[in-house]
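The residues making up each chain are set out below.
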Amino acid sequence: MKQLFNERICALFRSNWQHTLTYWSVFFSFGLCVAFLGPTILDLRCQTQSTLQEITLVFFSQQFFLFIGSTIGGFFSKTLVHSLSALTVSSLTISVVFAIIPLCHKLLLLAFALAVSGLAMGIIDTISNLQLVKIYQKDSTVFLQALHFFVGLGALVSPLIADPFLSETSCVIGNSSTNSTSLTHLRNKLAGRPVHNVSSVHLHTDGDVVTNVSYAFWIMAITNLPVPIGILILMYRERLFPCGSDTSRRLIDGDVLAMKTWGTTHLSEDTGHEKETSRSHVDLFGCCLLGNVHSFPLSFFGIHILGGLVLFFSDGIVGSYTGFVYTYAVEPPMNLPHKTAGYLTCIFWAAITVGRLSAIPLSYRFKPVHLLIVSQVGVIVTLLLLLIFSNSSVFLFIGTCCLGLFISSIFPCTLAFTEDVLEYKGCATTVMVTSAGMGEMLLQVIVGSVMHNQGSFSFLLCGMIFGCLGFAFFILLFFVQQNHKNFTEAFPSNSPTERLEENGIKTCSAAVPNSWDTSE
């Protein structure tokens, strides 16, 4: 490891390894929830006895509440105990949701369950990204890449667990001798193939629908259980339970991470008066208050907005591709068998996982902006080639792999890039995570509606349009950050951090020592 990274980064990790591994592990839970819907959507349709258009409601419910969770997640980062408690409840909630999905035989019940999981996912997303940025600051790129590697790992595991249990021959509907339906007929009908014995297909009937995919969800629930257990063990070691001894000392003086989070006030050991280390989470948005707008150049806000738009489209592409590549593959012109099409989601997330793993050493060797340029160009070229070779099932697999590799690093690199340019921790992270969640929510709905009305070919066309828009906003972001950099170099006393302090708002970087200095 020392050969890849310098001693300072290794020392940083050694001093914060327990918390870092905790945030990485909860992102594995996040990944489990990201990718399971795509391969199981037809089985869940059979279970809820709903149409394909109706079942897409569950995509929207999960992504909408993921957006809500991303928005409110930062408020749980006020202290270490709040952060870890929120992560424990959220990761445990994901296991509970997995366990009850097979019991949801009504569409609204399933949508409600996935809305709860989306809320938990959003809280995990914001807290993990925010805390890693606070711990490692300028060196956060490497650790953010590793964080999002675990998303890919979880998203790779869930389709692999589900694939052996995807129903091919029958969905048994009780209380009727004729209430049996074949998913083979259903999948062939969706793919535009001839359907024999159509009269045997009865989706809207009374009784309970039983599919083998239930076992996959229960396995995923058990697989995720070590995550909340691990967080509880960490909280016990840090004495953060109410029954623990001297929890205030652990939160303020004894814990490196707690010194780097805001919203805590303690007494000075020498003077005995209150010393404010930082303000509440609300003050992190002080840069956006009307009274402070005049204190910042337009480029400061432009970086927030454009960075959010870049992630809006990149994460929107990831969400829509994960959700609908399977449906695209089983419809004309591909007409792939459902088992073969099911591997596309696995390949996509395997490529994202490999891409983020390889980006860990690359992010140490190269600047985030350089990795972003390569990633954005690669996404555009891959989507263009997928359009050109839209009739080739072989290139669909190749293109899926390439798209996953190129798009894998856009989120962590954009987050690290904007934080580095702004030299302000917190506001940019919240904007980036929230924008990404909003993109996944809205673009999935748009792609699903367009595919339903215009046909499967519009799936790749939508991806190309989203990719071009994301690339255009990235070009604008690049020029705006250059302008912002020139401004801060010409007027160093007017940097955003100092302007915040002039307005009575303490920043985290001003309130705490360097992230690797634990002597205080």
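Identification of the protein chain as Major facilitator superfamily domain-containing protein 4A from Carassius auratus is taken from an unreviewed UniProt entry. Looking at the protein chain in UniProt, the text filed under Subcellular location (unreviewed entry) is "Membrane". In its Sequence similarities (unreviewed entry) section, the UniProt entry covering the protein chain states "Belongs to the major facilitator superfamily."

## Focus: the environment of cysteine 46
By the secondary structure assignment, cysteine 46 is in helix α2 (residues 37-48). Separated by 59 residues in sequence, cysteine 46 and histidine 105 have C-alpha atoms that sit 9.1 Å apart.

## Side note on the packing of aromatic side chains
Evaluation of the coordinates by the stated rule reveals 23 aromatic pairs. Between phenylalanine 36 and phenylalanine 217, the aromatic rings sit 5.5 Å apart at their centres with planes inclined by 90°, giving edge-to-face as the arrangement. Taken as a pair, phenylalanine 36 in the loop between α1 (7-35) and α2 and phenylalanine 217 in helix α9 (residues 213-224) lie far apart in primary sequence, 181 residues in all. Phenylalanine 217 shares its class with phenylalanine 36; the two are buried. Their ring planes at 75° and their centres at 6.0 Å tell us that phenylalanine 348 and tryptophan 349 sit as a pair that is edge-to-face. Each residue in the set Phe13, Trp24, Tyr136, Phe143, Phe149 and Phe150 is aromatic and connected to the rest through ring pairs, giving one cluster.

## Looking at the confidence of the model for the protein chain
Residues of the protein chain with pLDDT of at least 70 account for 73%, and the chain-wide mean is 75. Below pLDDT 50 for its whole length, residues 169-209 participates in 92 contacts with residues either more than four positions away or in separate chains. Note that residues 499-520 has pLDDT below 50 and, in this model, 44 contacts with residues that lie over four places away or in other chains.

## Some thoughts on the packing of helix α5 (residues 80-100) against helix α10 (residues 226-237)
Between two packed helices, what matters for the description is the angle formed by their axes and the separation of those axes. Running from N to C, α5 and α10 point in directions that differ by 160°, and their axes come no closer than 8 Å. Here α5 is positioned roughly antiparallel relative to α10, judged by the angle of their axes. Two packed elements cross with a definite hand, and for α5 against α10 that hand is left-handed. Side by side, α5 and α10 meet where Val81, Leu84, Ser85, Leu87, Thr88, Ser91 and Leu92 of the first sit next to Val227, Pro228, Ile231, Leu232, Leu234 and Met235 of the second. Classifying every residue of the contact of α5 with α10 gives ten nonpolar, three polar and no charged.

What counts and what doesn't
Within every chain, residues take consecutive numbers counted from 1 along the sequence as written. Where local features are concerned, this predicted model is filtered to residues with pLDDT of at least 70; where side-chain atom pairs are given and counted, the filter is 80 or more; whole-chain, interface and lining totals use all residues. Excluded from the side-chain calculation are hydrogens and water; included are all heavy atoms of the structure. UniProt positions are given in the numbering used here, feature names are shortened, and annotations may be inferred rather than shown by experiment. Segments assigned H or I by DSSP are reported as helices when at least four residues long, segments assigned E as strands when at least two residues long, and all are numbered from the N terminus. Two rings belonging to Phe, Tyr or Trp (six-membered ring only in the last case) form a pair when the distance between their centres is within 6.5 Å. Interplanar angles under 30 degrees mark stacking, angles over 60 mark edge-to-face geometry, and anything in between is tilted. Working definition: with a 1.4 Å probe on protein chains only, accessible area under 20% of the residue-type maximum means buried, over 50% means exposed, and in between means partly exposed. On a scale of 0 to 100, pLDDT captures the predictor's confidence in every residue. The contact definition used throughout considers only heavy atoms, calling two residues in contact when any of these lie within 4.5 Å. Here an angle of 0 to 180 degrees is reported between the N-to-C directions of two axes, which are lines fitted to C-alpha atoms, with helices fitted over the stretch in contact. Here the angle decides the label: under 35 degrees means roughly parallel, over 145 means roughly antiparallel, 65 to 115 means roughly perpendicular, and every other value means oblique. Handedness of each helix crossing follows the sense of rotation of the near helix against the far helix: counterclockwise by less than a right angle gives left-handed, clockwise gives right-handed. The residue classification treats Ala, Val, Leu, Ile, Met, Phe, Trp, Tyr, Cys and Pro as nonpolar and Asp, Glu, Lys and Arg as charged. All others, Gly included, are polar.

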